[in-house]
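Listed here are the chains, written in short residue letters.
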Amino acid sequence: MKNCEVKGCNQLGQRHHIVFRSQGGLDFKLNYKYLCPAHHTGNESPHKKKEIDLRYKREMQMELLSLFFEDTYSLPQIIELIGEDKKNLEKKFRKVLNTAGLYKREDIVRALMGGRTY
Ligand SMILES: [Zn+2]
Ligand SMILES: [Zn+2]
């Protein structure tokens, strides 16, 4: 169990998918944010406020862009960097444009953000 990640909040957190599973989000650490019930689904939460949802997505996107700082990566490298959900990553990247098995950084980040950028 983890505490809520909202600054100054020390309640026990629930696991939130920053890119919702319904938006194509996968199960990996960078897509998780631990939030207490109020910060997860209350009035000041990503499920109720578009700005909060967008802020968390943009923060995640920035983290992905700093993780994938080279121009291209192979699928095994992507899987190693993400570290989880190998099966679903393989499935997702089957549909992503690549040249001889190399994926462009922007295409990787877009795929991991659920097929769009924020
Ligand atoms: Zn959630
Ligand atoms: Zn909280």
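Keep in mind that what you see is a predicted model, and the values were worked out from it rather than measured. Once a new chain begins, its residue numbering starts again from 1 and follows that chain's sequence as written. Think of it this way: whatever chain is written first is A, whatever ligand is written first is 1, and the rest follow in order. Per-residue local features of the predicted model are confined to residues with pLDDT of at least 70, and side-chain atom pairs are confined, for both listing and counting, to 80 or more; whole-chain, interface and lining totals are unaffected and use all residues. Hydrogens and water are ignored here; the side-chain numbers use all heavy atoms of the structure.

Caption draft 1: Fine view of the overall build of the protein chain. When helices and strands are counted, the protein chain shows five helices and four strands. Here a strand is any run of E in DSSP of at least two residues, a helix any run of H or I of at least four, and the numbering for each starts at the N terminus. Ordered by position from the N terminus, the helices and strands of the protein chain form the series β-β-α-α-β-α-α-β-α. Every radius of gyration here is taken over C-alpha atoms, with the globule rule written as 2.2 Å times N^0.38, N being the number of residues. Here the protein chain has a C-alpha radius of gyration of 15 Å; the compact-globule value for 118 residues is 13 Å, and the two agree. The C-alpha extent of the protein chain, read off along each of the three principal axes, is 45 × 25 × 25 Å. Classification of residues uses two cut-offs on accessible area relative to the type maximum, computed with a 1.4 Å probe and protein chains only: under 20% is buried, over 50% is exposed, and between them is partly exposed. Burial statistics for the protein chain: of 118 residues in total, 42% are counted as buried. By the convention used here, residues are in contact when the closest approach between their heavy atoms is within 4.5 Å. Long-range contacts, defined here as pairs at least 24 residues apart, represent 53% of the contacts in the protein chain between residues at least 6 apart.

Caption draft 2: Local environment of the packing of helix 4 (residues 86-93) against helix 5 (residues 105-112). With their axes 11 Å apart at the nearest point, helix 4 and helix 5 run at an angle of 120° to one another. Taken together, helix 4 and helix 5 sit at an angle that is classed as oblique. With respect to the hand of their crossing, helix 4 and helix 5 are arranged in right-handed fashion. Counted together, Leu 89, Lys 92 and Phe 93 of helix 4 and Ile 108, Ala 111 and Leu 112 of helix 5 form the full contact between these two elements. Three classes are used: nonpolar for Ala, Val, Leu, Ile, Met, Phe, Trp, Tyr, Cys and Pro, charged for Asp, Glu, Lys and Arg, and polar for all others, with Gly counted as polar. Within the contact of helix 4 with helix 5, the residues separate by chemical class into five nonpolar, no polar and one charged. Every angle, taken between N-to-C directions, lies between 0 and 180 degrees, and every axis is a line fitted to C-alpha atoms, over only the stretch in contact when it is a helix. What sets the label is the angle itself: under 35 degrees gives roughly parallel, over 145 gives roughly antiparallel, 65 to 115 gives roughly perpendicular, and the rest give oblique. We call a crossing left-handed when the near helix sits turned anticlockwise from the far one by less than a right angle, and right-handed when that turn is clockwise.

Caption draft 3: Representation of the coordination of the zinc ion (ligand 2). Surrounding the zinc ion (ligand 2) are the protein donor atoms Cys 4 (SG), Cys 9 (SG), Cys 36 (SG) and His 39 (ND1), which sit 2.0 to 2.3 Å from the metal. Residue Cys 4 is classed as buried on the basis of its relative accessible area of 6%. When its relative accessible area of 17% is taken as the criterion, Cys 9 is described as buried. The donor set covers N, O and S atoms within 2.8 Å of the metal, switching to 3.2 Å for Na, K and Ca, and it leaves out water, so a site may look short of donors.

Caption draft 4: The arrangement of the packing of helix 3 (residues 75-82) against helix 4 in detail. Where helix 3 meets helix 4, the axes come as close as 10 Å, and the angle between the chain directions of the two elements is 140°. Judged by the angle between their axes, helix 3 and helix 4 are oblique. Classified by chirality, the crossing of helix 4 by helix 3 is right-handed. Between helix 3, through Leu 75, Ile 78, Ile 79 and Ile 82, and helix 4, the contact on the second element is made entirely by Lys 86, Leu 89, Glu 90 and Phe 93. Taken together, the residues of the contact of helix 3 with helix 4 break down into six nonpolar, no polar and two charged.

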